[in-house]
Amino acid sequence: NNDVNGKSVQDTLLKFIEGTEYIAAKNPQQITHDTSVPISTKNMIIVASGAFIDVYQKAKKASDKIEMGFRVSQPEDTTKSKNTEPTVSDFITKGQMSNELMGRLPVVIHLDDLDVDNLARIISESDNSALKQQESVFSKRGVKLSTQSGYILSVAEQAFERKIGARGLNKLIADSTWQAYDQICCEPGVYDEVILTEETAKDNTKYCLVKKKNLPSTPTDLPN
């Protein structure tokens, strides 16, 4: 409960990275020769990934200060400062990683940042995307949740502009759908479909409703 840095978890991973053997079984309470399998990590390539946004932001701020301080006297160094990458020490002091774990992860690679197209693909193609989760929530109410192409692109653009990454998509999509969900809950059995448009991504009161077949079926915009 007091291990705010996850130190105990990092320590547990040390043997895994160095190479050790585990016994895997369906039921850990009944491990037998027939029901368990030994797994060795000695020949595994270990890849650890994470966002570490704070570490990169602090490294960028530090490089900006260097550029400002030496712009006049050493202009040739400003280009280098713009490309400053965090060091292993930065991950330890700013990223709350342990010395021991970082010592076993000698190669640090900065992957390309997500662009608008990447974020749009995550929304539409990821098996566990926030949009598919909302579709499941609406379906439990007997209502189909549909989107126009402009909606997905608009949400992706907002996430990119705010620099909140893929995880931030969950909040943006939840914020843009709760008004529609509230209405179908207040009027159960009335609507067959909710359509999210480009406007919905910017104003969650702007969406289209399709009534059930036994009711007028013309899509209607929610009145302001």
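Residues numbered from 1 in each chain as written. Predicted model: local features only at pLDDT ≥ 70, side-chain atom pairs only at ≥ 80, totals over all residues. Heavy atoms only, no water.

Notes on the pattern of salt bridges
Right, so step 1: Taken as a whole and judged by the stated rule, the model has six salt bridges.
Right, so step 2: Between D175 and K171 there is a salt bridge, with its nearest N and O atoms 2.6 Å apart. One end of the pair, D175, and the other, K171, are both in helix α9 (residues 168-186), four residues apart, so they sit about a helical turn from each other. (Salt bridge = Lys/Arg side-chain N within 4 Å of Asp/Glu carboxyl O. Helix = DSSP H or I, 4+ residues; strand = E, 2+ residues; numbered from the N terminus.)

Digging into the nonpolar core
Right, so step 1: Within the largest apolar cluster, 25 residues are counted, with the highest numbers of intra-cluster contacts made by I123, L131, F138, Y151, V155, I173 and V194.
Right, so step 2: Elements represented by at least two residues in this core include exactly α6 (116-125), α7 (130-139), α8 (149-162), α9 and β4 (191-196).
Right, so step 3: Setting aside anything within four residues of it in sequence, one finds F138 in contact with V143, L145, T177, A180, Y181, I184 and V194.
Right, so step 4: If you look at the next biggest cluster of nonpolar residues, it comprises nine residues, including F91, M97, L101 and M102. (Core = buried A, V, L, I, M, F, W, Y, C linked by side-chain atoms within 4.5 Å. Buried < 20%, exposed > 50% of the residue type's maximum accessible area, 1.4 Å probe, protein only. Contact = heavy atoms within 4.5 Å.)

Structural notes on the environment of Y191
Right, so step 1: On the secondary structure map, Y191 appears in strand β4.
Right, so step 2: As for Y191 and K213, which are separated by 22 residues in sequence, their C-alpha atoms are 9.0 Å apart.
Right, so step 3: Within the local environment of Y191, its side chain forms a polar contact with the side chain of Q183, the two groups lying 3.2 Å apart.
Right, so step 4: A distance of 3.3 Å separates the side chain of Y191 from the side chain of E187, its partner in a polar contact. (Polar contact = N/O pair within 3.5 Å; in protein donor to acceptor, adjacent residues only side chain to side chain.)

Focus on the packing of α6 against α8
Right, so step 1: Where α6 contacts α8, the two axes come as close as 8 Å, and the packing angle between them is 125 degrees. One way to sum up the angle between α6 and α8 is to call them oblique. α8 is crossed by α6, and the crossing has right-handed handedness. In this structure, α6 contributes V116, L119, A120, I123 and S124 to the contact, and α8 contributes I152, L153, V155, A156, E157, A159 and F160.
Right, so step 2: Of the residues assigned to the contact of α6 with α8, the class counts are 10 nonpolar, one polar and one charged. (Axes fitted to C-alpha atoms, helices over the stretch in contact; angles between N-to-C directions. Parallel < 35°, antiparallel > 145°, perpendicular 65-115°, else oblique. Left-handed = near helix turned anticlockwise from the far one by under 90°. Nonpolar A, V, L, I, M, F, W, Y, C, P; charged D, E, K, R; others polar.)

What about the packing of aromatic side chains?
Right, so step 1: Going through the model one piece at a time under the given rule, you end up with four aromatic pairs.
Right, so step 2: Seen from their ring centres, F52 and F91 are 5.0 Å apart, and the 80 degrees between their planes marks the pair as edge-to-face. Here F52 is found in the loop between β2 (36-40) and α2 (53-70), whereas its partner F91 is found in helix α4 (residues 88-93), with 39 residues between them in sequence.
Right, so step 3: You can call F52 partly exposed: its relative accessible area is 26%.
Right, so step 4: For F91, a relative accessible area of 5% puts it in the buried group.
Right, so step 5: Ring centres of F138 and Y181 lie 5.4 Å apart, and the angle between their planes is 70 degrees; this geometry places the pair in the edge-to-face category. With a gap of 43 residues between them, F138 in helix α7 and Y181 in helix α9 connect regions that are remote in the sequence.
Right, so step 6: You can call F138 buried: its relative accessible area is 0%.
Right, so step 7: The ring centre of F160 lies 6.0 Å from the NZ or CZ of K163, which sits over that ring. (Phe/Tyr/Trp six-rings, centres within 6.5 Å; stacked < 30°, edge-to-face > 60°. Lys NZ or Arg CZ within 6 Å of the ring centre and 35° of its normal.)

Description of a negative patch on the surface
Right, so step 1: A cluster of like negative charges, contributed by D112, D113, D115 and D117, occupies part of the molecular surface.
Right, so step 2: Turning to its location among the elements, D112 is positioned in the loop between α5 (99-103) and α6.
Right, so step 3: Owing to a relative accessible area of 75%, D112 belongs among the exposed residues under this scheme. (Patch = residues over 30% accessible without salt bridge, like charges linked within 9 Å, V, L, I, M, F, W, Y side chains within 5 Å. Areas by Shrake-Rupley, 256 points an atom, 1.4 Å probe, with all protein chains shown as cover. Lys, Arg positive; Asp, Glu negative; His and termini not counted. Charge placed at Lys NZ, Arg CZ, Asp CG, Glu CD.)

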